[in-house]
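Chains, contacts and geometry: an overview
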Amino acid sequence: MPLPQLMPLLAAVAIAPCPAPVKAQLDGLYRWQVARQDLSGPIEIRSQKNRFTDGLYQKLRRAYALDPNSGRFVDFDLFSGTQVGTFGAKVLGCSLAPGGGLEARVAVQAGLHRPIEAPQNLRYQLVRGPDGSWKIADIIYSHPAGFRLSSYLAELLGPLKAN
């Protein structure tokens, strides 16, 4: 494809600074995430409801309410994509997503007792809510490539499969 025809495609995936409301939404989520790790007991997502689309929030609420004794439970940190603690996150930028939404790239510092050197790179899919605010609709993890929060929750909350 000649370069003049390719330029609009490259511009469409270019990373730009995120709008202030998107950055505030994600920064607030990670402030909560880091603070809640010091609390014992079940994860209480209710205070974060306005950050998510209604559908994703309901799935998160149901997933966190699962009884680990049933063998079904959230087995990793959904906001770092790891099984260790989150130390912080940096919103790297946004690009346009199909359908008028945004994709925000976030570098998450995670580790056991200190951050590991390489951050976890997550891609947040955001859409405008009915009130015009940006809502998190999905998270795409870098490992395994293309793994999505929505797919994980659908499988976790879906009917048990017969062996």
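This text goes with the structure placed above it.
Residues numbered from 1 in each chain as written. Predicted model: local features only at pLDDT ≥ 70, side-chain atom pairs only at ≥ 80, totals over all residues. Heavy atoms only, no water.

As a further point, take the overall build of the protein chain. The number of helices and strands found in the protein chain is four helices and four strands. The globule rule puts the C-alpha radius of gyration for 163 residues at 15 Å, and the 17 Å found for the protein chain is close to it. Dimensions of the protein chain, computed from the C-alpha atoms along their principal axes, are close to 60 × 40 × 35 Å. Counting across all 163 residues of the protein chain, residues that qualify as buried make up 39%. Considering only contacts within the protein chain whose residues lie at least 6 apart along the sequence, 51% involve residues at least 24 apart. Entry remark: accessible area of the protein chain is about 9800 Å², with carbon and sulfur atoms responsible for 58%. Treating the 18 positive side-chain charges of the protein chain as one cloud and the 12 negative ones as another, the clouds have centres 4 Å apart. (Helix = DSSP H or I, 4+ residues; strand = E, 2+ residues; numbered from the N terminus. Rg over C-alpha atoms; globule rule 2.2 N^0.38 Å. Buried < 20%, exposed > 50% of the residue type's maximum accessible area, 1.4 Å probe, protein only. Contact = heavy atoms within 4.5 Å. Areas by Shrake-Rupley, 256 points an atom, 1.4 Å probe, with all protein chains shown as cover. Lys, Arg positive; Asp, Glu negative; His and termini not counted. Charge placed at Lys NZ, Arg CZ, Asp CG, Glu CD.)

Turning our attention to helix 3 (residues 54–64). Among the residues making up helix 3, those that are buried are Leu56, Tyr57, Leu60, Ala63 and Tyr64. Buried residues of helix 3, seen end-on, are gathered within an arc of 130° and therefore sit on one face of the element. The inward-facing, buried residues of helix 3 contact strand 4 (134–141) and helix 4 (149–157). (Arc of directions from axis to C-beta.)

With that settled, the discussion passes to the state of the cysteines. Within the structure shown, the criterion is met by one disulfide. Through a disulfide, cysteine 18 is tied to cysteine 94; the S-S separation comes to 2.0 Å. Between cysteine 18 and cysteine 94, the S-S dihedral sits near 95°, and the bridge is therefore right-handed. With cysteine 18 in the loop between helix 1 (3–12) and helix 2 (20–36) and cysteine 94 in strand 1 (residues 85–96), this pair connects stretches of sequence that are 76 residues apart. Note on cysteine 18: relative accessible area 13%, which makes it buried. Residue classification places cysteine 94 among the buried residues on the basis of a relative accessible area of 3%. (Disulfide = S-S within 2.5 Å.)

Looking now at the sheet that holds strand 1. Here four strands make up an open sheet; going across it, the order is 1-2-3-4 and the pairing antiparallel. Unpaired on one side and paired on the other, strand 1 and strand 4 mark the two borders of the sheet. Going across the sheet, the axis of each strand differs from the next one's by a mean of 30°, ignoring polarity. As paired elements, strand 1 and strand 2 (residues 102–111) share ten bridges and run antiparallel to each other. Considered in strand 2, the bridge of glycine 88 is made with glutamine 109. (Pairing = 2+ DSSP bridges. Axes fitted to C-alpha atoms, helices over the stretch in contact; angles between N-to-C directions.)

Going through the model one piece at a time under the given rule, you end up with five salt bridges. Close ionic contact of arginine 46 with glutamate 44 constitutes a salt bridge, the shortest N to O distance being 3.6 Å. Taking relative accessible area as the criterion, glutamate 44 reaches 45% and is therefore assigned partly exposed. We note a salt bridge from arginine 105 to glutamate 103, for which the minimum N-O separation is 3.4 Å. With relative accessibility at 9%, the residue glutamate 103 sits in the buried group. (Salt bridge = Lys/Arg side-chain N within 4 Å of Asp/Glu carboxyl O.)

With that out of the way, let us pick up the side chain of arginine 51. As for its placement among the helices and strands, arginine 51 is situated in the loop between helix 2 and helix 3. No salt bridge is formed by the buried arginine 51; the nearest opposite charge belongs to aspartate 27, separated by 9.1 Å. A polar contact is formed between the side chain of arginine 51 and the side chain of glutamine 48, at a distance of 2.5 Å. Setting aside anything within four residues of it in sequence, one finds arginine 51 in contact with Ala24, Gln25, Gly28, Leu29, Trp134, Lys135 and Ile136. (Polar contact = N/O pair within 3.5 Å; in protein donor to acceptor, adjacent residues only side chain to side chain.)

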